[in-house]
Amino acid sequence: MKDIKKYQGVIPAFYACYDAEGNISVEGVKALTRHLIAKGVKGVYVGGSSGECIYQHVDERKTVLEAVMSEAKGKLTVIAHVGCNNTADSMELARHAESVGVDAIASIPPIYFHLPEYAISKYWNDMSAAAPNTEFVIYNIPQLAGTALTMSLLNEMLKNPNVVAVKNSSMPTQDIQMFKDAGIAARGEGNFVVFNGPDEQFVSGRVIGADGGIGGTYAVMPELYLAMNAHLEKGEIAKARAIQYEANRIIYKMCSAHGNLYAVQKEILRRMYGLELGSVRAPMPGLIPEDESIVAAAQAMIEAAIAKL
């Protein structure tokens, strides 16, 4: 590992940014990148679930990453999710990501078909081979991908020296400990990273051994996650837990809308900071008039939580 410190801390999952016609908004991407730099986060995770990757074309995903890199290079750690529903497109995005200078690429397992582990490892290793000078992060999100990262599959992937981390979005925090142990056994202490994925358990994930977090609600309230992380670094678990409870209540409020969570968050960012990031791409549901009270309440909860820090 070249620099494990670049992966330690709060890394927001980057939101898809659209214009009024639903096309990629390069200016929106750049504005959100600048906003997150100003907030002091460690890095960004581009083109993942929060980036609505499965609803975007390969060329659109390249455009997004290029716009992020134009603002973030040398300022943020950038991890580019390059997984697609076929190997060829995934390899194309991996090559592109390396060409623009990302710190790491990442991928979910192949979706829809339940493939054997040797097929999953080949899928990942093929895209890693397309970016041979770039570190690789396994993205474990079984509740959406339909395939869970097993210890046997992880141990197989650890034969690839570019595999340096797992972004773990399964709910059991025990998975973090198990993946961390396997990585340390293969790489040595301080040479393998596990990211906490579920935002609702940032504190518990970090306490059990996650090096940092990558999450879909970090960008709308980075102050809260940065504060949690700072308290944890000082051993102040009770203070971190209190902020986690606040963040979770906000998440539950945002998830109660008819519109998708990302539509809610992008609207809150528009109201709080004037960021024009658009809505979400169909078939994800956008906001409806009845969501107004939920958006307003969630925004007020965020502002109140930040004010208490």
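Structure's up top.
Figured I'd write up the structure that's included with this text. Every value quoted in this text rests on a predicted model; they were computed, and no experiment measured them.

The rules behind the values
Residues numbered from 1 in each chain as written. Predicted model: local features only at pLDDT ≥ 70, side-chain atom pairs only at ≥ 80, totals over all residues. Heavy atoms only, no water. Pairing = 2+ DSSP bridges. Helix = DSSP H or I, 4+ residues; strand = E, 2+ residues; numbered from the N terminus. Axes fitted to C-alpha atoms, helices over the stretch in contact; angles between N-to-C directions. Contact = heavy atoms within 4.5 Å. Buried < 20%, exposed > 50% of the residue type's maximum accessible area, 1.4 Å probe, protein only. Disulfide = S-S within 2.5 Å. Phe/Tyr/Trp six-rings, centres within 6.5 Å; stacked < 30°, edge-to-face > 60°. Lys NZ or Arg CZ within 6 Å of the ring centre and 35° of its normal. Core = buried A, V, L, I, M, F, W, Y, C linked by side-chain atoms within 4.5 Å.

**Considerations on the sheet that holds strand 3 (residues 77-81)**
Working step 1: Spatial ordering of the open sheet is given by 1-8-7-6-5-4-3-2, a layout of eight strands whose pairing is parallel. Looking at the sheet topology across the chains shown, the edges are occupied by strand 1 (9-12) and strand 2 (43-46). In this sheet, neighbouring strand axes are inclined to one another by 25 degrees on average, regardless of whether the strands run parallel or antiparallel.
Working step 2: The sheet contact formed by strand 2 and strand 3 spans four bridges and is parallel. Of the residues in strand 3, the one forming a bridge with Y45 is I79.
Working step 3: Relative to strand 4 (residues 104-107), helix 4 (residues 117-130) is tilted by about 155 degrees, and along the sheet it contacts strand 4 and strand 5 (135-140).

**Considering the side chain of E52**
Working step 1: Looking at where E52 falls in the secondary structure, it is placed in the loop between strand 2 and helix 2 (58-72).
Working step 2: Residue classification places E52 among the buried residues on the basis of a relative accessible area of 2%.
Working step 3: Leave out the neighbours within four places in its chain, and E52 touches A16, Y18, K266, S279, V280, R281 and M284.

**Let's talk about the state of the cysteines**
Working step 1: All chains considered together, the criterion is met by zero disulfides.
Working step 2: Just so you know, C84 is unpaired, no disulfide at all, and the nearest cysteine sulfur is the one on C53, 7.6 Å from it.
Working step 3: Residue C84 is classed as buried on the basis of its relative accessible area of 14%.

**So, the packing of aromatic side chains**
Working step 1: Taken as a whole and assessed by the stated rule, the structure comprises seven aromatic pairs.
Working step 2: Aromatic pair Y7 and F195: ring centres 6.0 Å apart, planes at 85 degrees, arrangement edge-to-face. With Y7 in the segment before strand 1 and F195 in strand 7 (residues 193-196), this residue pair connects regions lying 188 residues apart in the sequence. Comparing Y7 with F195 shows no difference in burial state: the two are buried.
Working step 3: Between F202 and Y225, the ring centres sit 5.8 Å apart and the planes meet at 80 degrees, which makes this aromatic pair edge-to-face. Here the residue F202 occupies a position in helix 8 (residues 202-208), and Y225 occupies one in helix 9 (residues 222-233), the gap between them amounting to 23 residues. Each member of the pair, F202 together with Y225, is buried.
Working step 4: Members of the aromatic cluster, each reached through a chain of ring pairs, are F202, Y218 and Y225.
Working step 5: When the ring centre of Y45 is taken as reference, the NZ or CZ atom of K167 above it lies at 5.3 Å.

**Focus: the nonpolar core**
Working step 1: Grouped together as the largest cluster of nonpolar side chains are 85 residues, with contacts concentrated most on W124 and M221.
Working step 2: Among the elements that take part in this core, helix 2 stands out by supplying seven residues, more than any other.
Working step 3: Every residue in contact with W124, bar those within four places of it in the chain, is listed here: S107, I108, P109, F136, I138, L149, L153 and M157.
Working step 4: In this structure, I79, A104, A106 and V137 belong to the second largest nonpolar core, which totals 18 residues.

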